[in-house]
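Examination of the molecular architecture
One letter stands for each residue in the lines below.
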Amino acid sequence: MAFTPTQNNEDADEKQIMFRLWIINHFRQIKFATTAALIGISSIFWGYTLYGLADYWFITGPKEQAALQELTAQLLDPEMLAARRPAGLAVEDVKVFRSGDKYDLAVRVANPNPNWYVVFKYKFSGSDKELPAREGFILPGEEKELMNLAVAAADKPSGPAVIFSEVKWQRVDAHRLPNYKKWSAERLNFKVSDKNFSARGNGADFSQLDFKIKNSTAYGYWNLDAAILLSRGSALQGVNFISLNKFLSGEERAVSLVWKDSGIAPTEIEVLPSVNIFDPGAYMPVR
């Protein structure tokens, strides 16, 4: 069948011809406009780039360099470095107390840092045999007595010292604990009462300490340790140690301790509870 052009086809062809003629007649103007547009876009990008370079070279860059130098100087400043590190433990002289035919060793150690706690291992030297290392910790700002009781030795340990190892400091997270004092007080609220020290046995050959301790916190602890210090005036005369297992919230326990052949006559009795409140494993699950 033969194809017969319609009027619509003829109109379309005519429009295409007219458009092409317009392009040809205005080619220079179109080329100029396109070139001008490209130059304008390039000028904008180049202008922004040059502005950025100029800003970095003459304004921002020098300020950043000065700030970096100041920060570097602060980081290398010995006083600043010292302020960012915890102060070392304050360790007193080791004391030795006779306990029957054995010896008790004790040393007062203080953590002077209000925002750092520390865990470590320690052992005493000065005995005629190697003493085992023990694990310890000290909370922020805390003082405690580290002990090794009932050490068997042929003679009284001479020149005893305490040796620390595996010391690990940890800063208190101020974002998680903005008020450490309140947080710790809620977890260390133990009440000691009815302390009584008396001689026992024929000829007072041993002495006995009795007291009560109550867990007034809202938490139960798998183990609560406590150091016992007996002093006469300012002089420490004897030490002991207890560990209470499964100490429930609100529970009160009666404790009795014995010193053999002590000859102790204390005027002051201290019971110092201790638990690592930063250790999640120290807490009993809530019932």
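Residues numbered from 1 in each chain as written. Predicted model: local features only at pLDDT ≥ 70, side-chain atom pairs only at ≥ 80, totals over all residues. Heavy atoms only, no water.

1. A closer look at the environment of Ser 125
- Examined against the element boundaries, Ser 125 turns out to sit in strand E4 (residues 116-125).
- Relative accessible area serves as the criterion here: at 27%, Ser 125 is assigned to the partly exposed category.
- On a C-alpha basis, the gap between Ser 125 and Ile 163 in space is 7.3 Å, while along the polypeptide they are 38 residues apart.
- Excluding residues that lie within four positions of it along the chain, Ser 125 makes contacts with Pro 160, Ala 161 and Ile 163. (Helix = DSSP H or I, 4+ residues; strand = E, 2+ residues; numbered from the N terminus. Buried < 20%, exposed > 50% of the residue type's maximum accessible area, 1.4 Å probe, protein only. Contact = heavy atoms within 4.5 Å.)

2. A short note on the sheet that holds strand E13 (residues 268-274)
- What the 3 strands build is an open sheet, ordered E11-E10-E13; its pairing is antiparallel. On the outer flanks of this sheet lie strand E11 (235-247) and E13, each paired with one strand and no other. The mean inter-strand angle of the sheet, taken between neighbouring strand axes irrespective of direction, is 20 degrees.
- The pairing of strand E10 (residues 221-232) with E11 spans 11 bridges and is antiparallel. In the sheet register, Ala 226 faces E11, and the bridge partner there is Ile 242. (Pairing = 2+ DSSP bridges. Axes fitted to C-alpha atoms, helices over the stretch in contact; angles between N-to-C directions.)

3. So, the nonpolar core
- In terms of nonpolar packing, the biggest core is built from 31 residues, with Phe 211, Ile 277 and Phe 278 touching the most fellow members.
- Within the residue set of this core, elements represented by two or more residues are helix H4 (180-187), strand E8 (190-200), strand E9 (206-215), E10, E11, strand E12 (252-260) and E13.
- With 5 residues, the single largest contributor to this core is E10.
- Those residues in contact with Ile 277 that lie beyond four places of it in its chain are Leu 139, Tyr 180, Trp 183, Ser 184, Arg 187, Leu 188, Tyr 221 and Tyr 283.
- Counting residues in hydrophobic clusters, the runner-up holds 16 residues, among them Tyr 103, Leu 105, Val 151 and Val 162. (Core = buried A, V, L, I, M, F, W, Y, C linked by side-chain atoms within 4.5 Å.)

4. Topic: the environment of Trp 183
- The residue Trp 183 is located in helix H4 in this model.
- The exposure class assigned to Trp 183 is buried, which follows from its relative accessible area of 14%.
- For the pair Trp 183 and Ile 277, spaced 94 residues apart in the sequence, the C-alpha separation amounts to 9.6 Å.
- For Trp 183, the contacting residues outside a window of four places in its chain are Leu 177, Ile 277, Phe 278 and Tyr 283.

5. Focus: unusual backbone geometry
- Here Asp 194, not a glycine, exhibits a phi torsion of approximately 55 degrees, which is positive.
- Inspection of the secondary structure puts Asp 194 in strand E8.
- Non-glycine residue Lys 246 carries a positive phi angle of around 50 degrees.
- By the secondary structure assignment, Lys 246 is in strand E11.

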